[in-house]
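Observations on chain architecture
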Amino acid sequence: RAVALVGAVVGLAALLGHCFTPWLRGKGGKGVATGLGVLLALEPEIAGYGVLAFAVAFAASRLVSVSSLAAAVVVVVALVVRGPVDAAVVPLVLCLVVIALRHVENIRRVWKKQELKV
């Protein structure tokens, strides 16, 4: 599992680099696509659950931000349910935290019913 831990830490580093890009003064993306790429490399089956969750949430809400957060939560739940919960899961859970924090403004707009639907 040491290889899984190294992969998860490198994946977290990639996500952080995308979200907080230095040459954009820390203003990068939301991390969802990068997180998907990390999952496809490390946990392809779990990534499938995330894609499915995104699709279901998007069909129901037509909101990309809500769908992205739903996918991130489902991925973490799937990792925990599948087990074993070990050190390699921690960086992936931190990815969820980063993604959620990057969506704070979107969440506020959803609550105010101001978020744009697709």
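The sections below set out a description of the structure shown in this document. Please read all numbers here as calculations on a predicted model, not as lab measurements. (Residues numbered from 1 in each chain as written. Predicted model: local features only at pLDDT ≥ 70, side-chain atom pairs only at ≥ 80, totals over all residues. Heavy atoms only, no water.)

**Some details on the layout of surface pockets**
This is how it is decided: Method remark: on a 1 Å grid restricted to protein atoms, a set of points is classed as a cavity if a 1.4 Å probe fits but cannot get out and as a pocket if it is open with protein on both sides within 12 Å along at least five of seven lines; lining residues have an atom within 4 Å of a point. Grid points are joined across faces, edges and corners, and a volume is the space filled by probe spheres set on the points. In this description a helix means any DSSP run of H or I spanning at least four residues, a strand means any run of E spanning at least two, and both kinds are numbered starting from the N terminus. In this count, Pro and Cys sit with the nonpolar residues alongside Ala, Val, Leu, Ile, Met, Phe, Trp and Tyr, while Asp, Glu, Lys and Arg are called charged and the others, Gly among them, polar.
Of the volumes computed, that of the largest pocket is approximately 300 Å³. Around the largest pocket sit 19 residues that line it, and V32, G35, L36, L39 and V75 are the ones nearest its centre. Elements with a contribution of two residues or more to the lining of the largest pocket: α2 (32-42), α3 (44-61), α4 (64-82) and α5 (89-102). Top element by residues in the lining of the largest pocket is α4. It accounts for 6 residues. Class assignment of the residues belonging to the lining of the largest pocket gives a composition of 16 nonpolar, 3 polar and no charged.

**Some thoughts on the packing of aromatic side chains**
One pair of aromatic rings is described through two measures. These are the centre distance and the angle between the planes. The criterion, for reference: Two rings from Phe, Tyr or Trp (for Trp, the six-membered ring) form a pair when their centres sit within 6.5 Å of each other. Planes less than 30 degrees apart are called stacked, planes more than 60 degrees apart edge-to-face, and all others tilted. For every residue, the accessible area obtained with a 1.4 Å probe (protein chains only) is divided by the maximum for its type, and the residue is called buried under 20%, exposed over 50%, and partly exposed between those limits. A ring is considered to have a charge above it if a Lys NZ or an Arg CZ atom is located within 6 Å of its centre and within 35 degrees of its normal.
On inspection of all chains with the given rule, the structure shows 1 aromatic pair. Aromatic pair F54 and F58: ring centres 6.1 Å apart, planes at 5 degrees, arrangement stacked. Remark: F58 and F54 occur in helix α3; sequence separation between them is 4 residues, near one turn of the helix. According to the relative accessible area criterion, F54 is partly exposed, its value standing at 29%. Of note, R102 hangs over the ring of F20, and the distance from its end group to the ring centre comes to 4.8 Å.

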